[in-house]
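The lines below spell out each chain.
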Amino acid sequence: MERKKIITVLLVILLVAGCNDHTAMEGLLVVGSVSVGDQEMTPNARWMRFNADSTQQSGNGWLQHSYGTWSLNEETGELFVRNTNGLNDPYGPFKISVKSDTMSWTRNEEGQQVEILLERADSLPATYGDKLLGLWRLKHASGAGPNSGTSDTNDESNSFIFFRWDKQFVIGSEKGNFNGVYNVNGHRPELELIPYGKELNRNFWKIEYIDDTIKLNLLNNDSVISREFVRIHEFPE
């Protein structure tokens, strides 16, 4: 009788443990680091959300760009993630290990060990691009550059730059307003401005974030050219 009780208890423990493994996957997870072999390849603000109904969504920052399903083999600890709107994954499942509020995924891809470390989160992280969104007034300008938009804006009285959610920007200066599109690097705080018009050049900037201030430093240039902006909520007159 005692033996039957012990077996029953063990079965209950195993069932509960299996449920906990599955339950531990549910919720929002943010990627803390990604290593491929000896290289660090961590994307900026990458996240995945696993739902109890075996659906999942993923994205970077405030943008969701993928969705699909997930399944967990609780006996082997293998996680299968499928994106309905993505490409087929040729590398197979991840082996997962759960520790409190952290998780690690590992697998082999083309002979290299891939390890992804994730942390549980309550809200979506912000990318470098998310932090740029909004209106900024020029606070300080240093150095004069070629005819490349922001780099030749020196008027600190009413010059501004407006980063829109649709990846377009507007720059206002003493030379008038002009528009373009912008890209932010997915791994580094680097900004690419692509102005409309043949008379303006594409340019690249390193971004520094300091509270409600951003500092843009022109890259690939012999002299130091920087522009410091402060966040505002109305267009300068």
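Model, not experiment: these values are computed from the prediction.

Caption draft 1: Expanded view of unusual backbone geometry. One non-glycine residue, A45, adopts positive backbone phi at about 55°. Mapped onto the secondary structure, A45 falls in the loop between strand 2 (39–40) and strand 3 (46–50). At E110, a residue that is not glycine, the phi angle is positive and equals roughly 55°. Of note, E110 is situated in the loop between strand 8 (102–109) and strand 9 (112–121). On the accessibility criterion, E110 (69% relative accessible area) is exposed.

Caption draft 2: Quick peek at the layout of surface pockets. Roughly 730 Å³ of internal volume is contained in the largest pocket. The wall of the largest pocket is formed by 26 residues, among which R46, D89, F94, R107 and I116 lie closest to the centre. For the lining of the largest pocket, the element with the highest residue contribution is strand 6 (residues 78–83), accounting for five residues. When its volume is computed, the second largest pocket comes out at roughly 340 Å³. Around the second largest pocket, the lining is made up of 16 residues, and of these N60, L63, T127, D130 and K167 lie nearest the centre. Listing elements by their share of the lining of the second largest pocket, those giving two or more residues are strand 5 (63–73) and helix 2 (128–132).

Caption draft 3: The arrangement of the sheet that holds strand 10 (residues 134–142) in detail. Strand order in the closed barrel formed by eight strands is 10-11-12-13-14-15-16-17, and the pairing between neighbours is antiparallel. Put simply, the sheet's adjacent strands are angled 35° from each other on average, direction ignored. Here strand 10 runs beside strand 17 (residues 226–232); their pairing, made up of seven bridges, is antiparallel. By the bridge assignment for strand 17, S142 is matched with S226.

Caption draft 4: Spatial organisation of the pattern of salt bridges. With the rule as written, the count across this model stands at five salt bridges. The residue D89 makes a salt bridge to R107 at a minimum N-O spacing of 2.8 Å. Here D89 is found in the loop between strand 6 and strand 7 (94–99), whereas its partner R107 is found in strand 8, with 18 residues between them in sequence. When its relative accessible area of 40% is taken as the criterion, D89 is described as partly exposed.

Caption draft 5: Quick look at the environment of A24. Along the polypeptide, A24 turns up in helix 1 (residues 2–25). For A24 and K99, which are 75 residues apart along the polypeptide, the C-alpha to C-alpha distance reads 9.4 Å. Ignoring anything within four residues of it in the chain, the contact list for A24 reads V98, M103 and R120.

About the cut-offs
Residues numbered from 1 in each chain as written. Predicted model: local features only at pLDDT ≥ 70, side-chain atom pairs only at ≥ 80, totals over all residues. Heavy atoms only, no water. Helix = DSSP H or I, 4+ residues; strand = E, 2+ residues; numbered from the N terminus. Buried < 20%, exposed > 50% of the residue type's maximum accessible area, 1.4 Å probe, protein only. 1 Å grid on protein atoms, 1.4 Å probe; cavity = no way out; pocket = protein on both sides within 12 Å on 5 of 7 lines; lining within 4 Å. Points joined across faces, edges and corners; volume = space filled by probe spheres on them. Pairing = 2+ DSSP bridges. Axes fitted to C-alpha atoms, helices over the stretch in contact; angles between N-to-C directions. Salt bridge = Lys/Arg side-chain N within 4 Å of Asp/Glu carboxyl O. Contact = heavy atoms within 4.5 Å.

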